[in-house]
Amino acid sequence: MHPKELLQNAFHYNPITGVITDKMYNEEAGVITIDKRGYKRRIISFRGKKYKAHQLAFLFMAGYIPKIIDHKDRNSLNNKWSNLRDATQSQNFHNTDKKITNTTGFKNVWFHKQNKNYVAEVWINRKKYHIGCFSTAELAYEAAQNFRKRHKLDLTEETRNVA
């Protein structure tokens, strides 16, 4: 029997709630773990192998486990099918909050003290893209947001201003 079939015989995935149930015990499968960075995830053990819940969700729904699975809402415990997507490393990286050192209140925007304007910059695959200089942080953010949309870096129809 194929590993996917074995897993589906042992577990049930509800794509609406995101819950994976252990069929034998009729309860939510796995345990919640927290890594060094404080990242929470549900780990499910089966026949000596550990799976992340979002990996099993993807396997059950799409038939494969992607290299990177992104949680659109950034909640690593929300494994609803509508919240998961196969993503590139760049897309996953862009689905984060603004940096803690950010003083403008807008992601991908910083204030250039010498020129007294706001700069919009976006990184893709370790390469920095200078989008432009703007008179307001809002205009710079709008330009960065449009750039991210064009390059399919935003994960939802509504891009977020993470202020």
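Keep in mind that this is a model prediction, so the values were computed, not measured.

Asker: Got a minute to help me understand the pairing of strand β10 (residues 117-124) in this structure?
Answerer: A regular strand carries its side chains on alternate faces of the sheet. Burial runs high along β10: 6 of the 8 residues are buried. As judged from the 4 bridges shared by strand β9 (residues 109-112) and β10, these two strands associate in the antiparallel manner. Considered in β10, the bridge of W110 is made with V119. Sheet analysis places β10 next to strand β11 (residues 127-134), joined by 7 bridges and oriented antiparallel. By the bridge assignment, V122 is partnered in β11 with Y129.

Asker: Explanation requested: the packing of helix α1 (residues 3-10) against helix α2 (residues 53-62) in the structure shown.
Answerer: Any two packed helices are characterised by the angle at which their axes cross and by the distance between the axes. Where α1 meets α2, the axes come as close as 11 Å, and the angle between the chain directions of the two elements is 110°. Accordingly, the angle class assigned to the pair α1 and α2 is roughly perpendicular. Between α1 and α2, the residues in contact are K4, L7 and Q8 and L56, L59 and F60, respectively. Looking at the contact of α1 with α2 residue by residue, the classes come out as 4 nonpolar, 1 polar and 1 charged.

Asker: Mind showing me how you'd approach unusual backbone geometry here?
Answerer: Peptide bonds are, in most cases, trans, and in most cases residues other than glycine have a negative phi. A positive phi is found at N26, a non-glycine position, where the angle reads about 55°. Even without glycine at this site, R74 takes up a positive phi of about 70°. Mapped onto the elements, R74 comes out in the loop between β7 (69-71) and β8 (84-86).

Asker: I tried to follow the pairing of strand β4 (residues 31-34) on my own but got confused; where do I start?
Answerer: Where β4 lies against strand β5 (residues 40-46), 4 bridges are found, and the strand directions are antiparallel. Bridged to V31 within β5 is I43.

Asker: Sorry if this is basic, but what is going on with the packing of aromatic side chains here?
Answerer: Here a ring pair, both rings aromatic, is described through the centre-centre distance and the interplanar angle of the planes. Throughout the structure, instances matching the rule amount to 6 aromatic pairs. Centre to centre, the rings of F106 and Y141 are 5.2 Å apart; their planes meet at 40°, and the pair counts as tilted. Remark: Y141 occurs in helix α4 (residues 137-150) and F106 occurs in the loop between α3 (89-94) and β9; sequence separation between them is 35 residues. By relative accessible area, Y141 is classed as buried at 7%.

Asker: Sorry if this is basic, but what is going on with the sheet that holds β4 here?
Answerer: Pairing between the strands of a sheet comes from backbone hydrogen bonds, and it takes one of two forms, parallel or antiparallel. The antiparallel open sheet is built from 3 strands, whose spatial order is β4-β5-β6. Bordering the open sheet on either side are β4 and β6 (49-52), each of which pairs with just one other strand. Recorded for the sheet is a direction-independent mean angle of 45° between the axes of neighbouring strands. The strands that α2 touches are β5 and β6; relative to β6, the one it contacts most, it runs at about 80°.

Asker: For this particular structure, what's the right way to read the nonpolar core?
Answerer: One broad rule of soluble globular proteins: the nonpolar side chains tend to lie buried together. Membership of the largest hydrophobic core comes to 17 residues, with the highest contact counts inside it found for L7, F11, I20, I44 and L56. If you list the elements that add at least two residues to this core, you get α1, β1 (11-13), β5 and α2. Setting aside residues up to four positions removed in sequence, L7 forms contacts with F46, Y51, L56, L59 and F60. In terms of nonpolar packing, the next biggest core, distinct from the first, is built from 10 residues, F106, V122, I124 and Y141 among them.

Asker: What is the right way to read the pattern of salt bridges from this model?
Answerer: Oppositely charged side chains can pair when the atoms bearing their charge come close. According to the stated counting rule, one finds 3 salt bridges in the structure shown. For the salt bridge of R42 with E28, the shortest nitrogen-to-oxygen distance reads 3.2 Å. A residue pair is termed long-range when its members are at least 10 positions apart, and R42 in strand β5 and E28 in strand β3 (residues 27-28) qualify at 14 residues. Classification of R42 as buried rests on a relative accessible area of 15%. Among the salt bridges present, the one from R41 reaches D35, with a minimum N-O distance of 3.9 Å. When its relative accessible area of 18% is taken as the criterion, R41 is described as buried.

Thresholds, definitions, all that
- Residues numbered from 1 in each chain as written.
- Predicted model: local features only at pLDDT ≥ 70, side-chain atom pairs only at ≥ 80, totals over all residues.
- Heavy atoms only, no water.
- Buried < 20%, exposed > 50% of the residue type's maximum accessible area, 1.4 Å probe, protein only.
- Helix = DSSP H or I, 4+ residues; strand = E, 2+ residues; numbered from the N terminus.
- Pairing = 2+ DSSP bridges.
- Axes fitted to C-alpha atoms, helices over the stretch in contact; angles between N-to-C directions.
- Parallel < 35°, antiparallel > 145°, perpendicular 65-115°, else oblique.
- Contact = heavy atoms within 4.5 Å.
- Nonpolar A, V, L, I, M, F, W, Y, C, P; charged D, E, K, R; others polar.
- Phe/Tyr/Trp six-rings, centres within 6.5 Å; stacked < 30°, edge-to-face > 60°.
- Core = buried A, V, L, I, M, F, W, Y, C linked by side-chain atoms within 4.5 Å.
- Salt bridge = Lys/Arg side-chain N within 4 Å of Asp/Glu carboxyl O.

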